[in-house]
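As a plain string of letters, each chain reads:
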There are 2 protein chains.
Amino acid sequence: MADVLKHQGNFHWKGVEVLDYKNEGTHFQSVTRQILSKGHHELPAELRYFEIAPAGYSTLERHEHEHLIVVLKGRGQALSGAEIVTLDPFDVVRIPSAVWHQFRASRGEPLGFLCLVHKDRDRPQRPEVEQLAQLQSDPVIAAFVRS
Amino acid sequence: MADVLKHQGNFHWKGVEVLDYKNEGTHFQSVTRQILSKGHHELPAELRYFEIAPAGYSTLERHEHEHLIVVLKGRGQALSGAEIVTLDPFDVVRIPSAVWHQFRASRGEPLGFLCLVHKDRDRPQRPEVEQLAQLQSDPVIAAFVRS
């Protein structure tokens, strides 16, 4: 009756494929994705597990849908709007709608986290040249972002 | 910009109150509840962390809404419909709509888990005498349930 995904150690689940983070692109580095629940009418939330290898990073992007994150493994940081937050195990972070955001693993450790999104969601946008320049006008953000 | 709940060790989060599981009742034992995200229009899922002390148990109940569970701590078991599943760290379990279910911690360890539900959900029902007798007609379930 229950759908059970047994954890098999080191954040792999039986029967769950380890996918590329995205199909193509050079705007991210060393990220994998596992879909733990696709979501449907009764609970319209898709649950994924992402893992970023040491020194890797996700795409700098924004979209209307929100992220709700629970860190499970390692350390890292996230840009969310104009803020850079540290990420340690079991921290819970909401990335609100429409803000530029990017996740980075620490240099020495990976960053693994659950990420919850609406099952029906808009496509991410990457920054235009002018938007990137605007973001990078803050030297702290300029030092953080990878694009 | 981001809403951050920093984990402060042992599954407590800064600023998050440790609540009773339910306001009243004798049909559960040694369960606490923390609300990590209430959910809203953009992501209509409420995220809670429940912890059941060793030998404790949640209410035997059913409802139309689903549960999506991610175990974070300890060991236990869950009844879901006619099935009893073991729960170990990072297992992901979906309890479907309308099935009788109950969570129990192991005797020696607590059971802590994330539980995701729709922010708008129906009230749980407890079994009537005849429904309980029906459930207990299976000796394995009879030995498992606490009510």
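Residues numbered from 1 in each chain as written. Chains lettered and ligands numbered in written order. Predicted model: local features only at pLDDT ≥ 70, side-chain atom pairs only at ≥ 80, totals over all residues.

Colleague: When you look at the relation of the copies chain B and chain A in this model, what are you seeing that I'm missing?
Modeller: For the pair of chain copies, the relating transformation is a rotation about an axis with a translation along it. After a rotation of 180° and a shift along the axis of 0.0 Å, chain B superposes on chain A with an RMSD of 0.0 Å. Here the two chains are linked by the operation of a two-fold rotation axis. Most of the interface of chain B is mirrored in chain A, where 98% of its interface residues again form contacts. (Least-squares fit on C-alpha atoms with pLDDT ≥ 70 in both. Contact = placed C-beta atoms within 7 Å.)

Colleague: Looking at this structure, I do not really get the nonpolar core. What am I missing?
Modeller: Most often, soluble globular proteins have nonpolar side chains that are buried together. The biggest cluster of nonpolar side chains holds 66 residues, and the ones touching the most others in it are Ile69(A), Val70(A), Leu114(A), Ile69(B), Val70(B) and Leu114(B). Those residues within four positions of Leu114(B) in sequence are excluded, and the remaining contacts are Val70(A), Leu47(B), Tyr49(B), Ile69(B), Val70(B) and Leu72(B). (Core = buried A, V, L, I, M, F, W, Y, C linked by C-beta atoms within 7 Å. Buried ≥ 20, exposed ≤ 12 C-beta atoms within 10 Å, placed from the backbone.)

Colleague: Please explain the environment of Leu111(B) as it appears in this structure.
Modeller: Residue and element names in this part refer to chain B. Relative to the assigned elements, Leu111 resides in strand β10 (residues 111-118). Distance in space between the C-alpha atoms of Leu111 and His41 is 30 Å, their sequence separation being 70 residues. Setting aside chain neighbours within four positions, we find Leu111 in contact with Ile52, Gly74, Arg75, Gly76, Leu87, Phe103, Ala105 and Ser106. (Helix = DSSP H or I, 4+ residues; strand = E, 2+ residues; numbered from the N terminus.)

Colleague: Looking at this model, I keep getting lost on unusual backbone geometry. Mind explaining?
Modeller: Residues and elements named next belong to chain B. Despite not being glycine, Asn10 shows a phi value in the positive range, around 50°. Relative to the helices and strands, Asn10 is located in the loop between β1 (3-5) and β2 (19-20). Judged by local crowding, Asn10 falls into the exposed class, with 9 C-beta atoms found within 10 Å. The backbone phi angle of Ser30 is positive, close to 60°, even though this residue is not glycine. Of note, Ser30 is situated in strand β3 (residues 29-37).

Colleague: Looking at this structure, how should I read the environment of Ile52(B)?
Modeller: All names here are of chain B. Mapping Ile52 onto the fold places it in strand β4 (residues 45-57). Assessed through the 26 C-beta atoms surrounding it within 10 Å, Ile52 is described here as buried. Sequence separation between Ile52 and Thr32 is 20 residues, and the spatial gap between their C-alpha atoms is 6.6 Å. Sequence-distant contacts of Ile52, defined by excluding residues within four places in its chain, comprise Ser30, Val31, Tyr57, Ser58, Gly76, Phe103, Ala105, Pro110 and Leu111.

Colleague: Before we go on, may I ask you to explain the interface of chain B and chain A in this structure?
Modeller: Often, the extent of an interface is quoted as the loss of accessible area upon association of its parts. Each side of the interface is counted separately: chain B has 41 residues, and chain A has 40 residues. Of all the secondary-structure elements, those providing two or more residues to the side of chain B that touches chain A are β1, β3, β4, β5 (67-74), β6 (76-80), β7 (83-87), β8 (92-95) and β10 of chain B. Across three bridges, the pairing between strand β8 (residues 92-95) of chain A and β1(B) is antiparallel. The residue of β1(B) that forms the bridge with Val93(A) is Val4(B). (Pairing = 2+ DSSP bridges.)

Colleague: Help me understand the pairing of strand β9 (residues 101-105) of chain B in this model?
Modeller: Successive residues of a regular strand alternate their side chains across the two faces of the sheet. For β9(B), a buried count of five out of five residues is recorded, marking the element as mostly surrounded by other parts of the structure. The two faces of β9(B) match: His101(B), Phe103(B) and Ala105(B) on one face and Gln102(B) and Arg104(B) on the other face are all buried.

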